[in-house]
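Below, each chain spelled out in residue letters.
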Amino acid sequence: MREIRAGLLGATGAVGQRYINMLGHHPFIHLEVLMGGESAGKKYGEAAHWLFSDPIPEQFARTTVQAANPTAAKGCDLIFSALPSEAAKDIEPKFAAAGHAVISEASAHRMDADVPLMIPEINPDHLDLLNSQRKRRGWKKGIATTPNCTVTGLALVMKPLLDAFPAEKAIVTTMQALSGAGFPGVASLSIIENVIPYIKNEEEKVANEAKKILGSLRDGAVKPNGILMGVSCNRVPVIDGHMETLYCEFSTKVSPEGAIRAMETFRGMPQKLKLPTAPDQPIIVRRENDRPQPRLDRLSGSVPGMSAVVGRVRRGVDDKSLQLTLLSHNTVRGAAGTAILTAELMAAKGYLG
Ligand SMILES: NC(=O)c1ccc[n+]([C@@H]2O[C@H](COP(=O)([O-])OP(=O)(O)OC[C@H]3O[C@@H](n4cnc5c(N)ncnc54)[C@H](OP(=O)(O)O)[C@@H]3O)[C@@H](O)[C@H]2O)c1
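None of the values given here were measured: they were computed from a predicted structure. (Residues numbered from 1 in each chain as written. Predicted model: local features only at pLDDT ≥ 70, side-chain atom pairs only at ≥ 80, totals over all residues. Heavy atoms only, no water.)

## Let's talk about the side chain of D297
Along the polypeptide, D297 turns up in helix α11 (residues 294-297). In this structure the side chain of D297 is engaged in a polar contact, spanning 2.9 Å, whose partner is the side chain of R291. When residues no more than four places from it in sequence are discounted, the contact partners of D297 are R286, R291, P292, V309 and L327. (Helix = DSSP H or I, 4+ residues; strand = E, 2+ residues; numbered from the N terminus. Polar contact = N/O pair within 3.5 Å; in protein donor to acceptor, adjacent residues only side chain to side chain. Contact = heavy atoms within 4.5 Å.)

In structure tokens:
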């Protein structure tokens, strides 16, 4: 794979730091430009409120944070964006207009009809939307996006189930970690010894984004998956790792054993291509009654944090329904990891030029 020079928008935030953590030793993506908002002009080591126990890699600690301007990223093939949505709305198109490929974590452009919303194991063909986006908007490379952190693990688990058994309805209840709200996030007095049963705009995003990702590409557009979804989102006092319970109704009989087989044997294009950030097994199924757990299982798998971990797979109210619990690491699989995997897929498929 040819060497790729990358820039990072939102480098100092919770997700930006995960990129720094994951890209220190990437075989062909080299993170060269760090960009921020209020921290522009400072050394990264002074500007970032570093959240990991490993120190900031030396090469990044000494780097000066640049303003979020395409001229700062001149020479970069690819821009990762970990900007808040309001900032991403205008800033990301400026980078795309300047000829960069942008892969965004923000919600601003996820649901645009000509913007792919990617989980590389599920919908690698959706990258084809970039071709119409380039034509329509006159951009050389364009914007691809990755989903909300709650959607990533959920859609990954739903994909093999829906492929194996036609599904009608999914009811999802989430228990979302604090780092999902960025830094400083939820006030400590609001969340310690507490659960908050509301996350603004989250329930709509989970349903709409999952349907787009699980939808099919026809005549140059994504037809969303028709499954009915009910979603309840909760914030819980866990640092990293979103847990979710999924209840699914199917139009045919389904057995827990059949569902487990479908999930455990699921592999996608990243596994076939042996992309560096692709876990050997995208879904790990635990048999113990008390797993998965965020503290114990969020970094599972051959690429730590890139596999969804499922447990408690059991029959629902009848033999056409199933229940299970799933866990995925929100800043790895739910954010930087899926974006890096998307970049690797785009490089392998020639979308980065
Ligand atoms: N946290 C998660 O688990 C997760 C998962 C998936 C997706 N996301 C999405 O990823 C994005 C980043 O989330 P986060 O949790 O990392 O947020 P965060 O901790 O609040 O970080 C925001 C970053 O954006 C920069 N920024 C803010 N306003 C800016 C502006 N006007 N111009 C340039 N830079 C600006 C900040 O830089 P300064 O510090 O220099 O101001 C900071 O680096 C959001 O869109 C979020 O919804 C988050």
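Read on, since the account is not over.
## A few points about the environment of A98
Tracing the backbone shows A98 in the loop between α4 (85-97) and β5 (101-104). The class of A98 is partly exposed, set by a relative accessible area of 47%. Separated by 41 residues in the primary sequence, A98 and W139 have C-alpha atoms spaced 7.8 Å apart. (Buried < 20%, exposed > 50% of the residue type's maximum accessible area, 1.4 Å probe, protein only.)

## Some thoughts on the nonpolar core
Within the largest apolar cluster, 43 residues are counted, with the highest numbers of intra-cluster contacts made by Y19, I29, Y44 and F80. Elements with a minimum of two residues in this core: β1 (4-9), α1 (14-23), β2 (29-36), α3 (58-61), β4 (78-81), β5 and α12 (332-348). Each of domain 1 (4-148 + 336-348) and domain 2 (149-329) accounts for three or more of the residues forming this core. Every residue in contact with F80, bar those within four places of it in the chain, is listed here: A6, G7, L8, L9, Y19, L23, I29, I103, A339, I340 and A343. (Core = buried A, V, L, I, M, F, W, Y, C linked by side-chain atoms within 4.5 Å. Domains from an automatic or database assignment.)

## Here's the deal with α4
With 13 residues, α4 ought to run about 18 Å at 1.5 Å a step, and its terminal C-alpha atoms sit 18 Å apart, in line with that. Restricting attention to buried positions, one finds in α4 the residues A88, I91, E92, F95 and A96. For α4, the secondary structure elements touched by its buried residues are β1, β2, β4, β5 and β6 (142-145). Count one or two residues on from α4 and you reach G99, which has phi positive near 105°. (Expected span 1.5 Å × (residues − 1).)

## Digging into the site of the ligand
T12, V15, S39, L83 and S179 are the nearest of the 28 residues found near the ligand. A distance of 3.2 Å separates an oxygen atom of the ligand from a polar backbone atom of G10. Between the ligand and the protein, one listed contact pairs an oxygen atom with a side-chain N or O atom of T12 at 2.6 Å. Counting residues per element, the ones that place at least two in the shell around the ligand are α1, α4 and α12. Element by element, the count of residues in the shell around the ligand is highest for α4, at three residues. Residue-level mapping places the shell around the ligand at the junction of two domains, with at least three residues from each of domain 1 (4-148 + 336-348) and domain 2 (149-329). (Near = heavy atom within 4 Å.)

## A short note on the sheet that holds β1
Pairing in this open sheet of six strands is parallel, and the strands run β3-β2-β1-β4-β5-β6 from one edge to the other. Of all the strands in the sheet, the pair left with one neighbour each is β3 (66-67) and β6. Note: β2 against β3, two bridges, orientation parallel. Along β3, the bridge assignment pairs G36 with A67. The strands touched by α1 are β1, β2 and β4; relative to β2, the strand with the most contacts, the crossing angle is about 155°. (Pairing = 2+ DSSP bridges. Axes fitted to C-alpha atoms, helices over the stretch in contact; angles between N-to-C directions.)

## Remarks on the domain arrangement of the chain
One frequent convention defines the size of an interface as the accessible area lost when the parts assemble. Considered domain by domain, the chain is made up of domain 1 (4-148 + 336-348) and domain 2 (149-329). The C-alpha-based centres of domain 1 and domain 2 are spaced at 24 Å. Tallying the contact residues gives 34 residues for domain 1 and 38 residues for domain 2. For domain 1, the biggest contributors to the area lost against domain 2 are E121, I122 and N148; these three give 28% of the whole. Seen at the junction of domain 1 and domain 2, the total is one salt bridge. Notably, a salt bridge pairs R110 with E209, separated by 2.8 Å at the nearest N-O pair. For the interface between domain 1 and domain 2, the tally reads 13 residue pairs in polar contact (both at pLDDT 80 or more). (Buried area = accessible area lost by both parts, 1.4 Å probe. Salt bridge = Lys/Arg side-chain N within 4 Å of Asp/Glu carboxyl O.)

## Regarding the layout of surface pockets
Its volume calculated, the largest pocket comes out at about 1,300 Å³. Taken together, 45 residues form the lining of the largest pocket, with L83, P84, G180, A181 and G182 sitting closest to its centre. Counting only elements with at least two residues in the lining of the largest pocket, the list comes to α1, α4, α8 (202-213) and α12. With four residues, α1 is the largest single contributor of residues to the lining of the largest pocket. Class assignment for the residues of the lining of the largest pocket results in 17 nonpolar, 19 polar and nine charged. Shared between two domains, the lining of the largest pocket holds at least three residues of each, these being domain 1 (4-148 + 336-348) and domain 2 (149-329). Of the pockets and cavities examined, the second largest pocket occupies roughly 380 Å³. Lining the second largest pocket are 18 residues, and of these L51, L178, S179, F183 and I239 sit closest to its centre. Within the residue set of the lining of the second largest pocket, elements represented by two or more residues are α1 and α7 (188-191). (1 Å grid on protein atoms, 1.4 Å probe; cavity = no way out; pocket = protein on both sides within 12 Å on 5 of 7 lines; lining within 4 Å. Points joined across faces, edges and corners; volume = space filled by probe spheres on them. Nonpolar A, V, L, I, M, F, W, Y, C, P; charged D, E, K, R; others polar.)

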